[in-house]
Protein chains: 2
Amino acid sequence: MPADDALRDRLVRVGAELLRTESPGALSLREIARRAGVSHGAPRRYFPTHLALLSAIARSGFADLSAQVTTALRTAAQDPRTQITTMAHLYVRFAATNRSMFELMFRHDLLQSGGHLGLRDASLPLFRLLVDLVAAARPAAGTSAEISAAAIWAALHGTAELWNWGSLTLAAGATDPAPFVDAILTAHLGPSEHNAAMPAPEGSR
Amino acid sequence: MPADDALRDRLVRVGAELLRTESPGALSLREIARRAGVSHGAPRRYFPTHLALLSAIARSGFADLSAQVTTALRTAAQDPRTQITTMAHLYVRFAATNRSMFELMFRHDLLQSGGHLGLRDASLPLFRLLVDLVAAARPAAGTSAEISAAAIWAALHGTAELWNWGSLTLAAGATDPAPFVDAILTAHLGPSEHNAAMPAPEGSR
DNA sequence: CAGAGCCGGTAGACACTGTCTACGACAGGT
DNA sequence: ACCTGTCGTAGACAGTGTCTACCGGCTCTG
């Protein structure tokens, strides 16, 4: 029932909402409970610890990203190379748009704390999707698709992080992370015939 | 005088030492003061706030990394391509060896908090060195050396992070981040005649 | 229908944190 | 001797995460 466990979802939503304006450090247990209109002991009924609540919030971030990716892939062209392109740009743009959420999603202590609150399984479907796309884009490559996909993901992730704290702007004078994304993809997959990075004057059909 | 401001250095050393075994979350102001044998108010004489102390500790991490890089480059071969290779491997290995320190060094709130405790200036010399090496390695390239160096740095950083929380092992079954580093460098700079990372089965030419 | 039990949330305590302020040695200079 | 500045101590305060006792309603059962 959606009405049941309503507070659980409300707490997660309040936390995600809070992340739109505040840094992850502002996500204290008591503050979330306060904004949800309950006492500070109420969250404990659903989350055994503070980290578990943060983990659930981060999980909702992964769900959001996954939803954005699937809808973007549905409206995009079908060939895997451009699908990878849209997915890559979406990843970096998501990181730049939802900075605090992105930061929370990849916090080490949330990821590697064993048990069910680990976030690895939340990020793994996205990686699997990338692996499949990479395998489809270059069917007979030397290295395995997993290795290539992991390398692409690492490069994208590093670009997103460096972009987020302004190092790319400061060091390389870049005003947009998109060229870096395109450079990564061409380096690993070869050039794409339809470069999807810039607002393509040609409507994809 | 070195004897003067002795407590300042001691606090930083204690914090760095603590990071060898504990996570950055264990670096509380009072715990550091406790281990340094002073009261909890003493650090305030040298660091106006907790973040300032953490910043100084992270700075010492950058100093450590820089020292390792310079000594490694001195004993390495002279041509810039292999110097970049040693520097890249050292970066990822440093991240894997000093996980907590690496995590602290790239914390967003430490980096972008304006003022003198920003860490950007601590990481910038290393980036400048990489830019120079890249410029020397490929004197007449299409893109600027800054852009290439930033792309390489982003890829290396992403690899270091993904490796650190085990995603590369789990997703791609890798047991060593070194092949990823080599793949990054060959993708951006072309193959190196003497591959220093793995015993390459096929000599690249 | 009455009572028992549980479910979901409240309220208070505890140890701990970062920050602030007042205070206390203790040195050197005039 | 006295003042003055430095360096560190000690205590207070608000805020945090966790734990425990409690309690109002609800449902299920006899």
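Here the structure is a predicted model, which means the values were calculated and not measured.

**Thoughts on the protein's contact with DNA strand C**
The environment of DNA strand C is made up of 17 residues, and the closest members are A:R45, B:L29, B:R30, B:R44 and B:T49. Restricting attention to atoms of DNA strand C within 4 Å of the protein, one finds that 54% of them are sugar or phosphate atoms. Here a phosphate oxygen of DNA strand C and a side-chain polar atom of B:S28 are 3.4 Å apart. B:L29 places a main-chain nitrogen or oxygen 2.7 Å from a phosphate oxygen of DNA strand C.

**Points about the layout of surface pockets**
Of the volumes computed, that of the largest pocket is approximately 950 Å³. Lining the largest pocket are 38 residues, with A:E103, A:R107, B:E103, B:R107 and B:D109 positioned closest to its centre. When residues of the lining of the largest pocket are traced back to their parent elements, those giving at least two are α3 (50–75), α5 (99–105), α6 (108–112) and α8 (145–164) of chain A together with α3 (50–75), α5 (99–105), α6 (108–112) and α8 (145–164) of chain B. Per-class residue counts for the lining of the largest pocket are 11 nonpolar, 16 polar and 11 charged.

**Re the interface of chain B and chain A**
Each partner contributes residues to the interface: chain B has 32 residues there, and chain A has 32 residues. When chain B packs against chain A, close to 3000 Å² is buried across both sides, 71% of that on carbon and sulfur atoms. For the chain B face of the interface with chain A, the top three residues by lost area are B:H108, B:R120 and B:W165, together amounting to 23%. On inspection of chain B and its partner chain A, the count reaches zero salt bridges. Connecting chain B to chain A are zero residue pairs in polar contact (both at pLDDT 80 or more). Among the secondary structure elements, those contributing two or more residues to the side of chain B that touches chain A are α5, α6, α7 (120–137), α8, α9 (167–172) and α10 (178–189) of chain B. For the side of chain B that touches chain A, the element with the highest residue contribution is α8(B), accounting for 13 residues.

**Focus on the relation of the copies chain B and chain A**
The operation relating chain B to chain A is a screw motion whose rotation component is 180°, with 0.0 Å of axial translation and a residual RMSD of 0.0 Å. Taken together, the rotation and translation describe the operation of a two-fold axis. The share of interface residues of chain B whose copies in chain A are also at the interface is 100%, consistent with both copies meeting through the same surface.

**Section: the protein's contact with DNA strand D**
Surveying the vicinity of DNA strand D reveals 18 residues, the closest of which are A:R30, A:R44, A:T49, B:R45 and B:Y46. Protein-proximal atoms of DNA strand D, defined as those within 4 Å of the protein, fall in sugar or phosphate at a share of 53%. A distance of 2.8 Å separates a base oxygen of DNA strand D from a polar side-chain atom of B:H40. A distance of 2.4 Å is found between a base oxygen of DNA strand D and a side-chain nitrogen or oxygen belonging to B:R45. Counting residues per element, the surface near DNA strand D draws most heavily on helix α2 (residues 29–36) of chain A, at three residues. The residue makeup of the surface near DNA strand D, split by class, is five nonpolar, seven polar and six charged.

**Describing the environment of B:L133**
Residues and elements named next belong to chain B. Take L133: it is sitting in helix α7. Sequence separation of L133 and P80 is 53 residues, and the distance between their C-alpha atoms is 5.4 Å. In this structure L133 touches L73, P80, Q83, I84 and M87, once residues within four positions along its chain are discounted.

**A short note on the UniProt feature "DNA-binding region" (unreviewed entry) in chain A**
Here, the residues flagged by UniProt with the feature "DNA-binding region" (unreviewed entry) are residues 28–47 of chain A. Helix makes up 40% of residues 28–47 of chain A and strand 0%. Its end C-alpha atoms lie 13 Å apart.

**Considerations on helix α1 (residues 6–19) of chain A**
All names here are of chain A. With 14 residues, α1 extends 20 Å from end C-alpha to end C-alpha; this agrees with the ideal 20 Å at 1.5 Å per step. The complete set of buried residues in α1 reads L7, L11, V12, V14, G15, L18 and L19. One side of α1 holds all its buried residues, which, seen down the axis, span an arc of 160°. Here the buried face of α1 lies against α2, α3 and α5.

**Examining the packing of aromatic side chains**
If you walk through the whole model with that rule in mind, you get 10 aromatic pairs over all chains. Here a set of aromatic residues connected by ring pairs shows up, and it is made of A:F62, A:Y91, A:F102, A:F106 and B:W165.

**A short note on the pattern of salt bridges**
Residue and element names in this part refer to chain A. Going through the model one piece at a time under the given rule, you end up with eight salt bridges over all chains. R20 is the partner of E17 in a salt bridge, and the nearest nitrogen-oxygen pair spans 3.5 Å. Residue E17 is classed as partly exposed on the basis of its relative accessible area of 46%. E31 is the salt-bridge partner of R34, the closest N and O atoms lying 2.6 Å from each other. In this pair, R34 and E31 are both assigned in helix α2, three residues apart and thus about one turn of the helix distant.

**Re the packing of α8(A) against helix α10 (residues 178–189) of chain A**
How two helices sit against one another is set out by the angle between their axes and by the gap between those axes. Residues and elements named next belong to chain A. The geometry of α8 relative to α10 is characterised by a closest axis approach of 10 Å and an angle of 165° between their N-to-C directions. Relative to α10, α8 is oriented roughly antiparallel. When the axes of α8 and α10 are compared, the crossing they make is right-handed. Contacts between α8 and α10 pair A151, I152, A155, L156 and T159 from the former with F180, V181, I184, L185, H188 and L189 from the latter. Residues belonging to the contact of α8 with α10 are distributed by class as follows: nine nonpolar, two polar and no charged.

Cut-off values and rules
Counting of residues starts from 1 at the beginning of each chain's written sequence and follows it residue by residue. Both sets of labels track the order of writing: A upward for chains, 1 upward for ligands. In keeping with the predicted nature of the model, local features appear solely for residues at pLDDT of at least 70, side-chain atom pairs appear and are counted solely at 80 or more, and the whole-chain, interface and lining totals rest on all residues. Neither water nor hydrogens contribute to the side-chain values; these are computed over all heavy atoms in the structure. Being near a molecule or strand, for a residue, means having at least one of its heavy atoms within 4 Å of it. Think of a polar contact as two N or O atoms within 3.5 Å of one another; within protein, one of them needs to be a possible hydrogen donor and the other a possible acceptor, and neighboring residues in sequence only count if both atoms come from side chains. A cavity here means a set of 1 Å grid points, computed over protein atoms only, where a 1.4 Å probe fits but cannot escape. A pocket is an open set with protein on both sides within 12 Å along at least 5 of 7 lines, and lining residues have an atom within 4 Å of a point. Grid points are joined across faces, edges and corners, and a volume is the space filled by probe spheres set on the points. A run of DSSP states H or I qualifies as a helix once it reaches four residues; a run of E qualifies as a strand once it reaches two. Both are numbered from the N-terminal end. Note that Gly is not counted as nonpolar here; it falls among the polar residues with everything else outside the nonpolar set of Ala, Val, Leu, Ile, Met, Phe, Trp, Tyr, Cys and Pro and the charged set of Asp, Glu, Lys and Arg. Here, two residues are considered to be in contact whenever any of their heavy atoms come within 4.5 Å of each other. Joining two parts hides part of their accessible area as seen by a 1.4 Å probe, and the buried area is that hidden amount summed over both. By convention in these notes, a salt bridge is any Lys or Arg side-chain nitrogen within 4 Å of a carboxyl oxygen on Asp or Glu. The superposition of copies rests on a least-squares fit of C-alpha positions from residues with pLDDT of 70 or more in both. UniProt positions are given in the numbering used here, feature names are shortened, and annotations may be inferred rather than shown by experiment. Residue count minus one, scaled by 1.5 Å, sets the expected span of a helix. Note on classification: 1.4 Å probe, protein chains only; a residue is buried when its accessible area is under 20% of the maximum for its type, exposed when over 50%, partly exposed between these limits. Directions are taken from the helix axis to each C-beta atom, and the arc is the one they span. When two rings of Phe, Tyr or Trp (its six-membered ring) have centres within 6.5 Å they constitute a pair, described as stacked for plane angles under 30 degrees, edge-to-face for angles over 60, and tilted for the intermediate range. Helix axes are fitted only over the stretch in contact, all axes being lines through C-alpha atoms; the angle between N-to-C directions runs from 0 to 180 degrees. The scheme is simple: roughly parallel for angles under 35 degrees, roughly antiparallel for over 145, roughly perpendicular for 65 to 115, oblique for anything else. A clockwise turn of the near helix away from the far one marks a right-handed crossing, whereas an anticlockwise turn of less than a right angle marks a left-handed crossing.

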